[in-house]
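Here are the chains, one letter per residue:
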Amino acid sequence: MIQRIQTLYLILAVVISAGLIFVFQLWTNNEGVSVFAKDNYLYLGLYFGSALLSLISIFSFKNRKTQFMLGRLNIILNFILLGIFVTQSLNLSGEADVSEKGIGILLPVFSIVCLALANKAIKKDEDLVKSVDRLR
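If you're wondering where the values come from, they're calculated on a predicted model, not measured in any experiment. (Residues numbered from 1 in each chain as written. Predicted model: local features only at pLDDT ≥ 70, side-chain atom pairs only at ≥ 80, totals over all residues. Heavy atoms only, no water.)

**Focus on the overall build of the chain**
Working step 1: The helix and strand inventory of the chain stands at four helices and three strands.
Working step 2: In sequence order, the chain lays out its α and β elements as α-β-β-α-α-β-α.
Working step 3: Overall, the chain is about 65 × 25 × 20 Å in size when its C-alpha atoms are taken along their principal axes.
Working step 4: For the chain, with 136 residues in total, the buried portion stands at 40%.
Working step 5: Sequence separation of at least 24 residues holds for 71% of the intrachain contacts in the chain that already meet a minimum separation of 6.
Working step 6: Counting every atom, the chain has about 7800 Å² of accessible surface; 68% of that belongs to carbon and sulfur.
Working step 7: Charge-centre separation for the chain: the mean point of 13 positive side chains lies 18 Å from the mean point of 9 negative side chains. (Helix = DSSP H or I, 4+ residues; strand = E, 2+ residues; numbered from the N terminus. Buried < 20%, exposed > 50% of the residue type's maximum accessible area, 1.4 Å probe, protein only. Contact = heavy atoms within 4.5 Å. Areas by Shrake-Rupley, 256 points an atom, 1.4 Å probe, with all protein chains shown as cover. Lys, Arg positive; Asp, Glu negative; His and termini not counted. Charge placed at Lys NZ, Arg CZ, Asp CG, Glu CD.)

**Here we look at helix α2 (residues 41-59)**
Working step 1: Helix length check: α2 (19 residues) gives 27 Å between terminal C-alpha atoms against 27 Å at 1.5 Å per residue, within 8%.
Working step 2: For α2, the set of buried residues is Y43, L44, L46, Y47, S50, A51, L53, S54, S57 and I58.
Working step 3: Backbone nitrogen of L42 and a side-chain oxygen of the N-cap are separated by 3.1 Å at the start of α2; the cap is N40. (Expected span 1.5 Å × (residues − 1). Polar contact = N/O pair within 3.5 Å; in protein donor to acceptor, adjacent residues only side chain to side chain.)

**A short note on the sheet that holds strand β3 (residues 100-101)**
Working step 1: Here three strands make up an open sheet; going across it, the order is β2-β1-β3 and the pairing antiparallel. Edge positions in the open sheet fall to β2 (34-35) and β3, since each of these has one partner strand only.
Working step 2: In this sheet, β2 lies alongside strand β1 (residues 27-28) in antiparallel orientation, the contact comprising two bridges. Paired with W27 across the two strands is V35, which belongs to β2. (Pairing = 2+ DSSP bridges.)

**Here's the deal with the nonpolar core**
Working step 1: Counting residues in each nonpolar core, the largest one holds 26 residues, and the members touching the most others are L26, W27, Y43, Y47 and F85.
Working step 2: When residues of this core are traced back to their parent elements, those giving at least two are α1 (5-19), α2, α3 (64-89) and α4 (107-135).
Working step 3: Residue contributions to this core peak at six residues, all from α2.
Working step 4: With sequence-adjacent residues up to four places away left out, Y47 is seen in contact with S17, I21, L26, A37, L81, F85, G104, L107 and P108. (Core = buried A, V, L, I, M, F, W, Y, C linked by side-chain atoms within 4.5 Å.)

The following block contains the structure:
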């Protein structure tokens, strides 16, 4: 149901997780080569896993509890991805691998914001349905 605001937030999260990872670099290494998420299968898999969870959540609009749970799982997945990026960029040896950080490291943060807004809207819908059921 495209008319619901949480669907738009989830579509935005899909675009961030599956589309923008090919546009924005994660970092530049010491040789001056830009590193994208497609260069590492772990990052690519986590990003596509996040996009897949968002897509499944879009199409499970009839079951709001499942949709809410998938949103929470997706937020946890993005926090794991963000933690991996932080540990990779702040490794103990200093300039060992990461020379210049790119905007691609912040993509999980933008995705988390979209998913949190979607979960807030899903919760609002669930509360509305519960209040209508109480009146019957």
